[in-house]
Every structure is written in C-alpha cells, then in structure tokens.
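Structural features, examined
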Amino acid sequence: DGDRVWATITFEPSTKLLTFRNHGVIPRAGLALQPTKHKDDDDMMGCHGEGLKMAALCLTRNDMMVKVKAGSDMWDFSIQLCSTTGASTLHFKIQEGKQSRPQDGSWTKVEVSNVTEHKWLELRRLVLDLTDQHTEIIHARDPALGALLLGPKMRNKTFVKGILAIEIDVSSPFGFHFTDVALNRDRNASPDFNTLCTKACELTA
C-alpha cells in the first residue's frame, strides 16, 4: 500500500526458523476467541478473532513450536492434555519481560520453529512477495483503489493486505492487491463477488 509495510517474513533454512513481524502489538485480549475491531482498522488484518489461535493450533499439532513476542510479553503455545476432559488442547504460557525497545514497540513478532524448506515454499506463494524481481506493483492514483500486480506469478491472483485471498482461473495478464475487501473466515473467498469485480474495474479504468 504505497510505501507502507504490512508485515515482514523471513526464513532461515539452517535453523528452520520462520519469523513474522506484523505492524501493531497484539494485546492479551487477543488470546481469546472473540470478534475484534480490526475490520475497521486499515492497519490490521483480522476481524474474526480466530486466526492467531487457529494458526498456533495447526502449527503445534504438526510438530512446530510457536512463540509470540507482543510488547513486553512472550507467549509460548503448546499442546497439552486437558485435566478435565483428557483431550489434547491448545495451551499458552505468558512470560512477562522487560519493556520493549522503542523500535520494537509497535510490532508483534511471531517465531515458528522446526519449519522445513518444503513448508516454507508452500507458504511463500500465499503472501505478496515484494522480493520477487519479476513482480511489479503499480499503485492507483487513489491508494484506496488498490494496486495492479504485474508478473507471471501474479496472474489471476487477488491479494488482500498482502495475503493471497482469491485465485480465479481466467485469462488475466495481472493480479490485484486491495486493502478493504471483505473476506470469509478462511480468507479464500469474497462473500460479495460483484463488489470485488467492481473494484477491479475501478482500478483498471
């Protein structure tokens, strides 16, 4: 979105460490399964209040370790047996640390350990890769309209706030990037396809 950086993702093959840095600090209330106010905030990506917890659950069940650095907190996620039901459930431990450095104060860092290179390559195609030398981003004169994505890997793809949301099998020479398109819970479809088409037409007009 212009010069704004929504998030950064780095992967270290030697240590199998995947690191996400997202704009904004997640409060402790973000650990609860509840709707959030992110829907009306262009700087935030979620709105259903489920993404972080579901991602942590899936990753830990697949033998990866998740740590979240939010402000001065460190959250460790793990799968443990529930003493009441005997079922495997997602647990988290909050460790209070020292006050964040000023340069880290407005970001949340997520570290995922034991990520194979194969998994990383699968993930990489699901995010808008600004390091790909074959991808060109053309921003609309009005930033609210979004941007056109040029390059062989961008064809037929629609990204919302940097995340691949929709891939349509049409003969389009480019892709799209929007910041204000409504998506379903899985972020893989728009409940209002006509609106999406209208936005695409406005952007290319």
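In short, a report on the structure. The shown structure was predicted, so the numbers you read here are calculated from the model rather than taken from an experiment.

1. Describing the nonpolar core
Among the nonpolar cores identified, the biggest contains 15 residues, and Leu18, Val68, Trp75, Phe77, Val110, Val112 and Val115 are the most heavily contacted of them. Secondary-structure elements contributing two or more residues to this core are strand 2 (17–23), strand 3 (65–70), strand 4 (73–81) and strand 6 (107–113). Per element, the largest residue contribution to this core is three residues, and it comes from strand 3. With residues near it in sequence (within four places) discarded, Val68 still touches Leu52, Asp73, Met74, Trp75, Phe77, Thr108, Lys109 and Val110. Counting 12 residues, the second-largest nonpolar core is a separate cluster that includes Val160, Phe176, Leu183 and Ala200.

2. Concerning the environment of Glu12
As for its placement among the helices and strands, Glu12 is situated in strand 1 (residues 7–12). Taking C-alpha positions, Glu12 is 10.0 Å from Ser113, a pair spaced 101 residues apart along the chain.

3. Side note on the packing of aromatic side chains
Scanning all chains against the criterion turns up four aromatic pairs. Relative to Trp120, the ring of Phe11 lies with its centre 5.4 Å away and its plane at 20 degrees, an arrangement referred to as stacked. Residue Phe11 is located in strand 1, and its partner Trp120 is located in helix 2 (residues 117–124); the two are separated by 109 residues in the primary sequence. Each member of the pair, Phe11 together with Trp120, is buried. With a centroid separation of 5.8 Å and 10 degrees between ring planes, the pair formed by Phe176 and Phe178 is classed as stacked. For Phe176, a relative accessible area of 13% translates into the label buried. Ring pairing ties together the aromatic residues Phe174, Phe176 and Phe178, which thus form one cluster.

About the thresholds
- Residues numbered from 1 in each chain as written.
- Predicted model: local features only at pLDDT ≥ 70, side-chain atom pairs only at ≥ 80, totals over all residues.
- Heavy atoms only, no water.
- Core = buried A, V, L, I, M, F, W, Y, C linked by side-chain atoms within 4.5 Å.
- Buried < 20%, exposed > 50% of the residue type's maximum accessible area, 1.4 Å probe, protein only.
- Helix = DSSP H or I, 4+ residues; strand = E, 2+ residues; numbered from the N terminus.
- Contact = heavy atoms within 4.5 Å.
- Phe/Tyr/Trp six-rings, centres within 6.5 Å; stacked < 30°, edge-to-face > 60°.

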